[in-house]
Amino acid sequence: MKKRVLSGIQPSGKLHIGNYFGMIKRMVEYQESSDLFCFIANLHSLTTLTDGKELKQLTLDAAMDLLALGIDPDKCHFWVQSDVPEVAELAWVLSCITPMGLMERAHSYKDKVAKGIQPNLGLFNYPTLMTADILINQSELVPVGKDQKQHLEMARDLAIKFNNTFGETFTIPEPDIPDEIATIPGTDGQKMSKSYNNTIPIFDDESVIKKAVMGIVTDSKAVEDCKDPKTCTVFKLYSLFAGEDECRALADRYKKGGMGYGEAKQTLLDKIFETFKPFQEKRAYFEKNPKEVEKILEKGAEKVRKTSHITMEKVRTATGLKY
Ligand code: ADP
Ligand code: TRP
């Protein structure tokens, strides 16, 4: 039996290469070897967005982005979260066994509040909805970046608690967070994130991508100085795109001296353009054919509703909601 792998992404803006290497590329690989469930988490975005038109556009954009980057609806389950309303029902059931203390310890919630976001109940309950996404599909493996680690620990805790309380119902999910791509650095060397304004976007004008790459912060060594590839953000990003031989060649040039950071950035930029060009062309195709995208999502949700229904029947029976 193929492993059931699930991950979701919030439709919340332009995708960056941290999203790509941290999660999307891995999902594209997983669809070849496993039973992949990939969805757009628009109910989660509702915790921070209040403009309906914007959420609708961001959701379609996210679908086009993922399809362009290689998510293939013939090889995986691909849908929009709110098209399977059973997940909201499960989130409610789970919230009834979720200890307040567990939610109060959530880093992501605390960070958002610290940043001045006025918290609502949805934001507080975010990890329970995420747990419902994972459990309703009986997911075995969840590929995400390191920032989601605590949410996955909560999902495991709640799955175990539910099974102990109501009887074996859910598969206990495992996180999949490989060290080398756990935290992709942004242009300032910190974690790349929309919230930190340090991203290199995937689908944007060449001039925007170039400006971001040329703005990567480095130390102030002169062209002739020997440089350390291990501590350089330009090199770290290059190594995500390049093969072993190419990485070794660039590392040698760093160590020898004689190459400036400007040249290293140009080498990285060439790699980025070369890698993403075919995806950009595919993205343009979907943009011209939005109806095709809507059809794909509709079909995807139909399939997932069937499997979600099976889990929910078990949950209703176990909890006594089915009378
Ligand atoms: P952002 O931090 O820009 O808001 P999201 O929270 O929407 O990004 O992340 C979507 C997915 O991409 C998640 O699985 C997350 O773990 C992954 N991800 C985001 N940024 C990075 C990063 N810098 N390194 C590794 N993975 C990342
Ligand atoms: N919270 C995730 C993020 O911001 C998105 C998400 C929602 C998710 N539900 C999920 C990821 C279930 C993995 C599994 O990136």
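Predicted model only: the values in this text are computed from it and were never measured.

1. Quick notes on the domain arrangement of the protein
Moving on, step 1. Domain assignment breaks the protein into domain 1 (4-183 + 290-319) and domain 2 (204-284).
Moving on, step 2. Distance from the C-alpha centre of domain 1 to the C-alpha centre of domain 2: 33 Å.
Moving on, step 3. Listed as interface residues are twelve residues of domain 1 and, on the opposing side, eight residues of domain 2.
Moving on, step 4. When the buried area of domain 1 at its contact with domain 2 is split by residue, Ile17, Phe21 and Ala68 rank highest and sum to 51% of it.
Moving on, step 5. Taken together, domain 1 and domain 2 are joined by three salt bridges.
Moving on, step 6. One salt bridge in this structure joins Asp204 and Lys14, with 3.3 Å as the shortest N-O distance.
Moving on, step 7. Where domain 1 meets domain 2, there are three residue pairs in polar contact (both at pLDDT 80 or more).
Moving on, step 8. Those elements that place two or more of their residues in the side of domain 1 that touches domain 2 are α1 (17-33) and α3 (52-68).
Moving on, step 9. The element that contributes the greatest number of residues to the side of domain 1 that touches domain 2 is α3, accounting for five residues.
Moving on, step 10. Considering only residue class, the side of domain 1 that touches domain 2 consists of eight nonpolar, one polar and three charged.

2. Some points on the site of ligand 1
Moving on, step 1. Close to ligand 1 lie 18 residues; His16, Gly145, Asp147, Ile184 and Lys194 are nearest.
Moving on, step 2. Gly145 has a polar backbone atom sitting 2.7 Å from an oxygen atom of ligand 1.
Moving on, step 3. For ligand 1, an oxygen atom lies 2.8 Å from a polar atom in the side chain of Ser193.
Moving on, step 4. Considering ligand 1 on its own, with 530 Å² of exposed area, one finds that the protein chains cover 92% of that surface.
Moving on, step 5. With respect to the pocket detection grid, ligand 1 is positioned in the largest pocket.
Moving on, step 6. With four residues, the single largest contributor to the shell around ligand 1 is α1.
Moving on, step 7. Split by residue class, the shell around ligand 1 holds seven nonpolar, eight polar and three charged.

3. Section: the layout of surface pockets
Moving on, step 1. If you add up the space inside the largest pocket, you get close to 1400 Å³.
Moving on, step 2. Around the largest pocket sit 48 residues that line it, and Gln10, Tyr126, Asp147, Gln148 and Lys191 are the ones nearest its centre.
Moving on, step 3. Listed by contribution, the elements that provide at least two residues to the lining of the largest pocket are β1 (4-9), α1, α6 (107-114), α8 (126-136) and α9 (149-166).
Moving on, step 4. Split by residue class, the lining of the largest pocket holds 17 nonpolar, 21 polar and ten charged.

4. A short note on the site of ligand 2
Moving on, step 1. Among the 14 residues in the neighbourhood of ligand 2, the closest are listed as Gln10, Tyr126, Met130, Asp133 and Gln148.
Moving on, step 2. Within the side chain of Tyr126, an N or O atom sits 2.7 Å from a nitrogen atom of ligand 2.
Moving on, step 3. A distance of 2.7 Å separates a nitrogen atom of ligand 2 from a polar atom in the side chain of Asp133.
Moving on, step 4. At a threshold of 2 Å from the grid points, most atoms of ligand 2 map onto the largest pocket.
Moving on, step 5. Contributions of two or more residues to the shell around ligand 2 are made by β1 and α8.
Moving on, step 6. If one sorts the elements of the shell around ligand 2 by residue count, α8 sits on top with four residues.
Moving on, step 7. Here the shell around ligand 2 is built from residues that sort into eight nonpolar, five polar and one charged.

5. Section: the pattern of salt bridges
Side chains that differ in charge, positive against negative, can pair when their charged atoms come close.
Moving on, step 1. On inspection of all chains with the given rule, the structure shows 23 salt bridges.
Moving on, step 2. Notably, a salt bridge pairs Glu263 with Arg253, separated by 2.9 Å at the nearest N-O pair. Of this pair, Glu263 sits in helix α13 (residues 261-288) while Arg253 sits in helix α12 (residues 244-256); the two residues are ten residues apart in sequence, bridging distant segments of the chain.
Moving on, step 3. The exposure class of Glu263 is partly exposed, given its relative accessible area of 37%.
Moving on, step 4. A network of salt bridges, in which partner residues are shared, links Asp61, Asp65, Arg283 and Glu287.

Reading the values: the criteria
- Within each chain, residues carry numbers counting from 1 in the order of the written sequence.
- Following the order in which they are written, the chains are lettered starting with A and the ligands numbered starting with 1.
- Selection of residues for local features in this predicted model requires a pLDDT of at least 70, selection of side-chain atom pairs for listing and counting requires 80 or more, and totals for whole chains, interfaces and linings are taken over all residues.
- Processing note: side-chain calculations cover all non-hydrogen atoms of the structure and skip hydrogens and water entirely.
- Note that the domain bounds reflect an automated or database-derived domain assignment.
- A contact between two residues is defined here by any heavy atoms of the two lying within 4.5 Å.
- Once two parts are put together, the accessible area they lose, assessed with a 1.4 Å probe and summed over both, is termed the buried area.
- Whenever a carboxyl oxygen of Asp or Glu lies within 4 Å of a side-chain nitrogen of Lys or Arg, that contact is scored as a salt bridge.
- Any pair of nitrogen or oxygen atoms within 3.5 Å is treated as a polar contact; in protein, a donor-acceptor pairing is required on top of that, and neighbouring residues in sequence qualify only through side-chain atoms on both sides.
- Runs of H or I in DSSP of at least four residues are treated as helices and runs of E of at least two as strands, each being numbered from the N terminus.
- Residues are grouped as follows: nonpolar covers Ala, Val, Leu, Ile, Met, Phe, Trp, Tyr, Cys and Pro; charged covers Asp, Glu, Lys and Arg; every other residue, Gly included, is treated as polar.
- Here a residue is near a molecule or strand as soon as one of its heavy atoms is found within 4 Å of it.
- Per-residue and other accessible areas follow the Shrake-Rupley method at a 1.4 Å probe size, with only the shown protein chains counted as cover for residues.
- Site definitions follow a grid-based scheme: protein atoms alone, a 1 Å grid, a 1.4 Å probe that fits but cannot get out for cavities, and for pockets an open set with protein on both sides within 12 Å along at least five of seven lines, plus lining residues having an atom within 4 Å of a point.
- Think of it this way: if more than half of a molecule's atoms are within 2 Å of a pocket's grid points, that molecule is in the pocket or cavity.
- Grid points are joined across faces, edges and corners, and a volume is the space filled by probe spheres set on the points.
- Burial classification: accessible surface area is computed with a 1.4 Å probe over protein chains only, and a residue below 20% of its type maximum counts as buried, one above 50% as exposed, and the rest as partly exposed.

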